[in-house]
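Residue-level structure breakdown
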Amino acid sequence: MKHLLSAAVVVFLLTILSPISPLNAQTTLYTWTDAKGRVHITDTPPPPDAKIKDVVEQAEPAPAEARQLQNQQQRRVESRQDEQRRTDAEEALRRAREADEEARAAVQRAEEQAREAIEYRKRFGNTPSRRQEFKYKIRAEEEKAIQSQAEAQRAVERAQALSEAARTAVGPAQPPKP
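These numbers were taken from a predicted model, which means no experiment stands behind them.

The next subject is the nonpolar core. Among the nonpolar cores identified, the biggest contains 11 residues, and these are Ala92, Ala96, Ala99, Ala103, Ala106, Ala110, Ala152, Ala155, Ala159, Leu162 and Ala166. Of all the secondary-structure elements, those providing two or more residues to this core are helix 2 (63–124) and helix 4 (135–170). Looking at this core, the element that brings in the most residues is helix 2, giving 6 residues. Each residue touching Ala103, except ones within four places of it in the same chain, is listed here: Ala155, Val156 and Ala159.

Structural data, given as structure tokens:
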């Protein structure tokens, strides 16, 4: 029963949708059951020992109708492609904005870390003896500042790359279609 229902649904859908497809050159569909009870839907006649359930014959569309259907289908495909391009461009712009914000934050952290390292050096390195005593702590703060600057540089480069990708995704300005 399950196979019969699904086969009936497939045949129904094929009869409804087949006029829509201008590329459809077949004119006859066969629904048949093999010796193992499996339902088949083919455009070739079944073997002699199969039980034929249904034969659907369809006239080919006129050439003008086929061209019209093909044009409609092409417009739908183009519309979907345009929508996908718009979605991709919006996503690229969003990623570029996020990367720009991250880069700004990284630059700000690097500037803060550099100020802290300078302040630390002033506070603990104002005499040769204090410089010697706190040289490892001073060096650690300077290393943190260098690392922060390197992170900021990577974030800026990433933002630039994503910005370029967004410009590419958006493409050149196109005049509106008439």
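Along the chain, Asp34 falls in the loop between strand 1 (28–33) and strand 2 (39–42). A distance of 3.1 Å separates a polar atom in the side chain of Asp34 from the backbone nitrogen of Lys36. A polar side-chain atom of Asp34 sits 3.0 Å from a polar atom in the side chain of His40.

All chains considered together, the criterion is met by 10 salt bridges. Between Arg86 and Glu83 there is a salt bridge; the shortest N-O distance is 2.8 Å. Placement of the pair is Arg86 and Glu83 together in helix 2, with a separation of 3 residues, close to one helical turn. For Arg86, a relative accessible area of 45% gives the class partly exposed. For Glu83, a relative accessible area of 42% puts it in the partly exposed group. Taking the shortest distance from any N to any O, the salt bridge between Arg158 and Glu102 comes out at 3.4 Å. Of the two residues, Arg158 is situated in helix 4 and Glu102 in helix 2; the sequence distance between them amounts to 56 residues. Residues joined in a network through salt bridges with shared partners are Glu91, Arg94, Arg95 and Glu98.

Each value, and the rule that gives it
- Residues numbered from 1 in each chain as written.
- Predicted model: local features only at pLDDT ≥ 70, side-chain atom pairs only at ≥ 80, totals over all residues.
- Heavy atoms only, no water.
- Core = buried A, V, L, I, M, F, W, Y, C linked by side-chain atoms within 4.5 Å.
- Buried < 20%, exposed > 50% of the residue type's maximum accessible area, 1.4 Å probe, protein only.
- Helix = DSSP H or I, 4+ residues; strand = E, 2+ residues; numbered from the N terminus.
- Contact = heavy atoms within 4.5 Å.
- Polar contact = N/O pair within 3.5 Å; in protein donor to acceptor, adjacent residues only side chain to side chain.
- Salt bridge = Lys/Arg side-chain N within 4 Å of Asp/Glu carboxyl O.

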